[in-house]
Amino acid sequence: MSRQDETIITKGMQNYIDINNKYLEKRKDYIQDVVKKWKFDTIAVHGLYSVTDAIDDYQGAIIEPIFMTSSQAYRDSDEMAAALAYKIPTWCYSRIANPSTYYYEWTLALLEGYGFDGETSCCSTSSGMSAIMTAVHPFLTVKGKSGHVRNIVATAQCYGGTFQQFSVRLMEEQNIECRWVKNAADISEWASLIDKNTRLLYGELPSNPQLGFFDIKEVADLAHSHNLPLICDSTVATPALLRPICHGADIVVQSATKTLSSGGFGIAGAIIARKNLTANIEDEQLKADFSLHVKYLQNRDFGPNLHPMQAVMTLNDMRTLRSKVDMLSRNTMKVAQYLESHPCIESVQYLGLPSHPLHDLANKYMWLVDAEHDELYGKPTNRYGHLMSFCVKGGVEKTHKFFDGLQRIWRATDIGRIKSVATIPAISTHQQQGVNGRALACIPANMVRLCVGGEHPEDVIADIDQALAKAR
Ligand SMILES: *Cc1c(COP(=O)(O)O)cnc(C)c1O
């Protein structure tokens, strides 16, 4: 990292560096020769935590141990000096790194990089929101060529928290302009908003809750033609359905709180970046390994780090990601088809429905990973996730009546759960951005966001059916 050049390496330090370089070589071979050859499910189940790791270092524990400890002790001053100069793999202090979050990070780096013929790395964060801050902040420092005049170009259809972070924290408080793309599927609108002060392009897809979508490859090519990075929020898809880095994106942000874990124990996030990404800033180390760089420098200083307990609980939930997302997607399709034919429903937004204007575009990108290797399918198979939204006929009053009548579906501002959860975005997730912000993001007051869980879809439909009957 940036202080490395000034570090004087003593003989004692060099000993530790040599020992650790051997370890790093072995790890590289293990990733290249073993892990990278596995299918998605095997990576999700094992990640980098191996039988050898467990037996050599962790008394054979079959689950990644939760390292609830603030800091790491060193054998002597040479080891400490090498560690704190980031010359050897180390974790130092749990704000910088931790062995439990290490395994979480590697699993995510490998899953988002599945099928990508390059390297990816990951930096864990305490939440999806801190992942977004972690990803965008390095590009917005005044060190860039445009100095204090900076802008970003981002999809207006995005998570309410993202809208607040960009419009209040960046625009109002720091005078960093956020130029909203209203129709993200229109590449000319993206192009028209970029100028010499633009630092990055940011897109959420599918967007929460309106299911906005865009052509990742087109937008990534556009970004790179201006020497800019493309950052994608891929929370709703998860790597089981879409891996933006494989299509040209530079950085992915994940709220692991959501479908990635689905268990609902707590909040977690991550950024996953390709090595050697594109950016118009002069920081070669940052571009070479973005995740590691922000982990060891920026996030060490800001401190938005993931707790080891949450890391292992989230990791444990991720092991069944592919089959879970498949099941949740199929359940959601059934519910969407039911809603589309219901006389009390004005419209249904689900990318899996052929009536959705972005259905064809979604078909291009949203594939259940490894379906062609699955004996159930045996061929590439589109899946669309478990987030959908719909509008209830008869306005706000009927919508609230329907919502209040739900018995099994939970009323909560949450998505990605194994339990079905519904919310009214206009009074919850998108309440703070006001009437104009909601109009910009296409959030009408009678929109209900539904994330269908793992219950039998007939039981979910029965609950919706009785609630709609009450609202008639
Ligand atoms: C929830 C969510 C976030 C924020 O994640 P937290 O873990 O709640 O901080 C970001 N993006 C999307 C799409 C989300 O759904």
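Model, not experiment: these values are computed from the prediction. (Residues numbered from 1 in each chain as written. Predicted model: local features only at pLDDT ≥ 70, side-chain atom pairs only at ≥ 80, totals over all residues. Heavy atoms only, no water.)

### Overview of the nonpolar core
- Counting residues in each nonpolar core, the largest one holds 98 residues, and the members touching the most others are Y104, L201, L339, M388, F390, F402 and I464.
- Sort the elements by how many residues they give to this core and helix α5 (residues 99-112) lands first, with 7 residues.
- Setting aside its immediate chain neighbours within four residues, L339 contacts I345, V348, M388, F390, I464 and L468.
- Counting 30 residues, the second largest nonpolar core, distinct from the first, contains F139, I152, L170 and I271. (Core = buried A, V, L, I, M, F, W, Y, C linked by side-chain atoms within 4.5 Å. Buried < 20%, exposed > 50% of the residue type's maximum accessible area, 1.4 Å probe, protein only. Helix = DSSP H or I, 4+ residues; strand = E, 2+ residues; numbered from the N terminus. Contact = heavy atoms within 4.5 Å.)

### Notes on the packing of helix α1 (residues 11-34) against helix α4 (residues 77-84)
- The interhelical angle for the contact between α1 and α4, taken along N-to-C directions, is 65°, at an axis separation of 8 Å. The pairing of α1 with α4 is recorded here as roughly perpendicular in orientation. By crossing handedness, the relation of α1 to α4 is classed as right-handed. The residues of α4 that touch α1, namely those facing G12, M13 and Y16, are D78, E79, A81 and A82.
- Looking at the contact of α1 with α4, its residues break down into 4 nonpolar, 1 polar and 2 charged. (Axes fitted to C-alpha atoms, helices over the stretch in contact; angles between N-to-C directions. Parallel < 35°, antiparallel > 145°, perpendicular 65-115°, else oblique. Left-handed = near helix turned anticlockwise from the far one by under 90°. Nonpolar A, V, L, I, M, F, W, Y, C, P; charged D, E, K, R; others polar.)

### As for the site of the ligand
- Every one of the 14 residues lining the ligand counts as a neighbour, but G128, D233, S255, T257 and K258 are closest to it.
- One nitrogen or oxygen atom from the side chain of D233 is found 2.6 Å from a nitrogen atom belonging to the ligand.
- Within the side chain of S255, a nitrogen or oxygen atom sits 2.8 Å from an oxygen atom of the ligand.
- When the ligand sits alone it has 380 Å² of accessible area, and the protein chains cover 94% of it.
- Here the residues of the shell around the ligand sort into 5 nonpolar, 6 polar and 3 charged. (Near = heavy atom within 4 Å. Polar contact = N/O pair within 3.5 Å; in protein donor to acceptor, adjacent residues only side chain to side chain. Areas by Shrake-Rupley, 256 points an atom, 1.4 Å probe, with all protein chains shown as cover.)

### Some details on the sheet that holds strand β4 (residues 198-204)
- Taken together, 7 strands build an open sheet; the order of strands is β1-β7-β6-β5-β4-β2-β3 and the sheet is mixed. The outermost strands of the open sheet, each flanked by one partner alone, are β1 (120-125) and β3 (177-181). For this sheet, the mean angle separating the axes of adjacent strands, direction not counted, is 20°.
- Both strand β2 (residues 151-155) and β4 contribute to a ladder of 4 bridges, which runs parallel. Residue pairing in the sheet places A154 in a bridge with Y202 of β4.
- The strands touched by helix α9 (residues 216-225) are β4 and β5 (230-233); relative to β5, the strand with the most contacts, the crossing angle is about 150°. (Pairing = 2+ DSSP bridges.)

### Examining the domain arrangement of the chain
- By domain assignment, the chain separates into domain 1 (93-318) and domain 2 (321-471).
- Between the C-alpha centres of domain 1 and domain 2 the distance comes to 25 Å.
- With 42 residues of domain 1 in contact, the opposing surface of domain 2 contributes 42 residues.
- Between domain 1 and domain 2, roughly 3,300 Å² of surface is buried when both sides are summed, and carbon and sulfur atoms account for 65% of that area.
- Taken as a group, L211, F213 and L241 account for 21% of the area that domain 1 buries against domain 2, more than any other trio of residues on that side. (Domains from an automatic or database assignment. Buried area = accessible area lost by both parts, 1.4 Å probe.)

### Overview of the pattern of salt bridges
- Enumeration over the complete set of coordinates arrives at 19 salt bridges.
- With a shortest N-O distance of 3.6 Å, E282 and K145 are connected by a salt bridge. Of the two residues, E282 sits in the loop between β7 (269-274) and α10 (284-288) while K145 sits in the loop between α6 (128-136) and β2, which places them 137 residues apart along the sequence. For the pair E282 and K145, a shared accessibility class is recorded, and that class is exposed.
- Note that K275 and D289 form a salt bridge whose closest N and O atoms lie 3.9 Å from each other. (Salt bridge = Lys/Arg side-chain N within 4 Å of Asp/Glu carboxyl O.)

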